[in-house]
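Descriptive structure summary
Listed below, chain by chain, are the residues.
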Amino acid sequence: MRFRLSSVEASEVDGSLRECLEERGRVAPHLHAPLQSGSDRILKRMGRHWYTATSYRAAVEAVVGGRDAFGLGADVITGFPGETEADHAATVNLVQALPFSYLHVFPWSPRPGTAALALGDHVSPEVASARAAELRRLGDRKAREYAQRRAGGAADVVLVRGAGQQGLTEDYLTVRVAGPPRGRGERFSARLQLEDGTLQATPIAP
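A brief structural summary. (Residues numbered from 1 in each chain as written. Predicted model: local features only at pLDDT ≥ 70, side-chain atom pairs only at ≥ 80, totals over all residues. Heavy atoms only, no water.)

Comments concerning the overall build of the protein
Let me state the cut-off plainly: Each helix is a run of DSSP H or I of at least 4 residues and each strand a run of E of at least 2, with the numbering of both proceeding from the N terminus. For each residue, the accessible area found with a 1.4 Å probe, counting protein chains only, is set against the maximum for its type, and the residue is called buried under 20%, exposed over 50%, and partly exposed in between. Between two residues, a contact is recorded if the distance between any of their heavy atoms is within 4.5 Å. The protein chains shown are the only cover counted for residues, whose accessible areas, like all others here, come from Shrake-Rupley with a 1.4 Å probe. Only four residue types enter the charge count: Lys and Arg as positive, Asp and Glu as negative, with His and the chain ends excluded. One atom stands in for each charge, and that atom is NZ of Lys, CZ of Arg, CG of Asp or CD of Glu.
Along the backbone of the protein there are five helices and eight strands. Counted from the first residue to the last, the protein has its helices and strands arranged as α-β-α-α-β-α-β-α-β-β-β-β-β. C-alpha atoms of the protein, sized along the principal axes, occupy 60 × 35 × 30 Å. A burial count over the protein gives 44% of its 206 residues as buried. In the protein, of all internal contacts separated by at least 6 residues, the share reaching a separation of at least 24 is 66%. Per element, the accessible surface of the protein, about 10,600 Å² overall, is 53% carbon and sulfur. When the 26 basic and 24 acidic side-chain charges of the protein are each reduced to a single mean position, those positions are 3 Å apart.

Dropping the structure here:
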């Protein structure tokens, strides 16, 4: 059995959680820690007072700690009311500095009944979309670089889709499984190779 944590706030990453993530085989080396913005000013406007860009970075770096295989993801919102070019640049710089293996990026959009709608200084949809596109490109590049680093290494794979033989590694990489068909939910060790931009997992004989 292998456990995978769902979304966890960076402020909740303490010593006991780090110990769980360091246990090989039981808890997957993967963390999805919502970021939303790399600007402290925007985080305060969002009402996210329980962390800063600095504390987020420290928590994430303490967990990943230079490990070769650790999936790190985050949610990011662009164009939140009042976001300036400098605020956006702070987000880009933080994302660039941290070892993300994927990003979920969304441009802010007004929703009736939310506190954010009442805030002034709205960013145009065109600017919010352009900033989101920039961060998605950065996220895609970091995902490719992470996959390239993992190529040639071993992985703990669980088959998540029998048709098409699609698997998921312990660090949350989607892989195509080589060899004879396997049953959904089957778990096995495999060697990773990058072929035409897609990671292929070749099972290692027990």
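Now, onward.
Details of the sheet that holds strand E8 (residues 198–203)
To be explicit about the condition: Pairing between strands is defined by DSSP: at least two bridges between the two strands are required. Note on method: axes are straight lines fitted to C-alpha atoms, helices fitted across the in-contact stretch only, with angles between N-to-C directions ranging 0 to 180 degrees.
Taking strand neighbours around the barrel as the criterion, the five strands line up as E4-E5-E6-E8-E7 in a closed arrangement whose pairing is mixed. Each adjacent strand pair in this sheet contributes to an overall mean axis angle of 55°, direction not counted. Where strand E7 (residues 187–195) and E8 come together, six bridges link them in antiparallel fashion. Its bridge partner lying in E8, Glu-195 is registered against Thr-198.

Some remarks on the pairing of E7
Summarising the sheet, strand E4 (residues 154–161) and E7 pair through five bridges and their orientation is antiparallel. Along E7, the bridge assignment pairs Val-158 with Arg-187. Hairpin remark: E7 followed by E8, antiparallel, with two residues in the connecting loop; positive phi at Asp-196, about 55°.

Comments concerning the layout of surface pockets
Applied cut-off: Buriedness of a pocket was judged along seven lines, with at least five required to meet protein on both sides within 12 Å; pockets are open sets of points on a 1 Å grid over the protein atoms alone, cavities are sets where a 1.4 Å probe fits but cannot get out, and lining residues have an atom within 4 Å of a point. Grid points are joined across faces, edges and corners, and a volume is the space filled by probe spheres set on the points. Charged residues are taken to be Asp, Glu, Lys and Arg, nonpolar residues to be Ala, Val, Leu, Ile, Met, Phe, Trp, Tyr, Cys and Pro, and polar residues to be all remaining types, Gly included.
Considered as a void within the structure, the second largest pocket measures approximately 240 Å³ in volume. Elements that contribute at least two residues to the lining of the second largest pocket include exactly helix H5 (125–150), strand E6 (174–177) and E8. Residues of the lining of the second largest pocket, tallied by class, amount to eight nonpolar, four polar and two charged.

Quick notes on the sheet that holds strand E3 (residues 102–107)
Read from one edge to the other, the open sheet built from three strands follows the order E1-E2-E3, with strand pairing classed as parallel. Since the sheet does not close on itself, it has two edges, and those belong to strand E1 (30–32) and E3, each with one partner. Strand-to-strand twist in this sheet, taken as the mean axis angle between neighbours without regard to direction, amounts to 10°. Relative to strand E2 (residues 71–78), E1 runs parallel, the two being bridged by three bridges. Bridge pairing in E2 links His-30 to Gly-71.

Considering the packing of helix H4 (residues 85–97) against H5
Rule in force here: Each angle is binned into one of four classes, with values under 35 degrees roughly parallel, values over 145 roughly antiparallel, values of 65 to 115 roughly perpendicular, and all other values oblique.
Look at H4 against H5: their axes get within 11 Å of each other, and the N-to-C directions meet at 10°. Classed by the angle they form, the pair H4 and H5 counts as roughly parallel. Residue-level contacts link Glu-85, His-88, Thr-91, Val-92, Val-95 and Gln-96 of H4 to Arg-131, Glu-134, Leu-135, Leu-138, Arg-141 and Lys-142 of H5. Classifying every residue of the contact of H4 with H5 gives four nonpolar, three polar and five charged.

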